[in-house]
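Secondary and tertiary structure notes
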Amino acid sequence: MLGAAGRAWCAAAVPIGSAGEFQRIPLSVRQQGGGGAYAEGGVMASTENPALMFLQTRTIQLEATEQLMFGGSQSVWGLGGSWVGVPENGENFGGALMVSGLSLGSIRGVDISGEATGEVVDPNGYALGCLGGCRWRNVSFALGSHVAYEPYGPSDSSGSPYSGVLRFGTMAELGDMTVGAALAAGLASGPGGLAVGGTLSPPVLPALTIGGEWNVPWTKGVPSFGGGGVAWRVLGALRLRSGLSWEGSGSLGFRAGLSVSRGEWGLDYAMRLPFGASSASSGVTQMIGMTWAFGRTRIAWED
């Protein structure tokens, strides 16, 4: 949900042309690992599509994530919590809150001769999001809003450091397949666009999930981007993920990750390794997250 002036999406390279473009960076470790945002959903995956919170396994989920981008020079963290009811009579409701932050490291000022002035700027940004929705039978609908504040980032023509985005998402669970789409409208220079995605679990390989998503921004100069891959349930408590990401303009990256769960707790790790001349500057990205899911069981496939 947060990023910085320069190039960033999915811990990779996408031009950022105005305030608010940093909100494109996803916060889901499982999505970054290559399995796709639609593979298991949850509160952090809802930054891709608000309706994905209806895929969480328990009624209450708390999640914290941290990712180091551009070789560690940029840090993005996220905290979120969601509640989704157990389906009764084919319907249920849910909501979530999240906050995230960005740090680019200190920038020290110099004068015209290159001597240090003693001034230090710490570029940072913060975003607050909330969302709510409902699920009827196998179709979910949700609306989410994020407001960001980036005092040292790129600004719009008015110079305002504030931006926002309003997302409407829908998702359908069709047996072994899940498909969804989200429409984003930018507020005060926030990013807008269309995102689609889904997963498929082959009946002959029930432990394997193939997933991915594709985003088409409306911001001038920002190319389409996306990614996909597979998630493999090796054991009841271990899932392995791998895949590729495409950030436009020839930027390609390999993604890999794993998840370990025990009881109500889960630990996720993901990394992205760029390759190709156009993506080499983004460096290796590493991301880690912890999930605490408790309450009543909603989906029986968590183990």
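Further up the page is the structure itself.
Structure report, in brief. (Residues numbered from 1 in each chain as written. Predicted model: local features only at pLDDT ≥ 70, side-chain atom pairs only at ≥ 80, totals over all residues. Heavy atoms only, no water.)

**Describing the pairing of strand 16 (residues 252-262)**
Of the pairings in the sheet, the one linking strand 15 (residues 238-246) to strand 16 comprises 9 bridges and is antiparallel in character. Following the sheet pairing, S245 is matched in strand 16 by G253. Sheet analysis places strand 16 next to strand 17 (residues 265-275), joined by 11 bridges and oriented antiparallel. When the bridges of strand 17 are listed, F254 appears paired with L273. Following strand 16, the chain reverses through 2 residues before pairing antiparallel with strand 17; G263 in that reversal takes a positive phi of roughly 65°. (Pairing = 2+ DSSP bridges. Helix = DSSP H or I, 4+ residues; strand = E, 2+ residues; numbered from the N terminus.)

**A closer look at the packing of aromatic side chains**
Here the structure, examined in full by the defined rule, presents 3 aromatic pairs. Between Y149 and Y162, the ring centres sit 4.9 Å apart and the planes meet at 35°, which makes this aromatic pair tilted. With a gap of 13 residues between them, Y149 in strand 9 (residues 139-149) and Y162 in strand 10 (residues 162-174) connect regions that are remote in the sequence. On the accessibility criterion, Y162 (46% relative accessible area) is partly exposed. (Phe/Tyr/Trp six-rings, centres within 6.5 Å; stacked < 30°, edge-to-face > 60°. Buried < 20%, exposed > 50% of the residue type's maximum accessible area, 1.4 Å probe, protein only.)

**Focus: the side chain of T178**
Examined against the element boundaries, T178 turns out to sit in strand 11 (residues 177-187). Taking the relative accessible area as the measure of exposure, T178 reaches 11% and is therefore buried. If near-sequence neighbours (up to four positions away) are discounted, T178 is found in contact with Y38, M171, A172, E173, G197, G198 and T199. (Contact = heavy atoms within 4.5 Å.)

**Notes on the environment of A182**
Here A182 is to be found in strand 11. Exposure remark for A182: the relative accessible area of 3% places this residue in the buried category. Put simply, A182 and G169 are 13 residues apart on the chain and 4.1 Å apart in space, counted from C-alpha to C-alpha. When sequence neighbours within four positions are dropped, the list of residues in contact with A182 reads E48, N49, P50, F168, G169, G193, L194 and A195.

**Examining the pattern of salt bridges**
Applying the stated criterion to the full structure yields 2 salt bridges. Salt-bridge contacts for R30 lead to D268; the nearest nitrogen and oxygen are separated by 3.3 Å. Highlighted residues: R30 in helix 1 (residues 29-35) and D268 in strand 17, separated in sequence by 238 residues. The buried category is assigned to D268, whose relative accessible area is 3%. For R135, the salt bridge identified is with E173, shortest N-O distance 3.0 Å. Highlighted residues: R135 in strand 8 (residues 124-136) and E173 in strand 10, separated in sequence by 38 residues. (Salt bridge = Lys/Arg side-chain N within 4 Å of Asp/Glu carboxyl O.)

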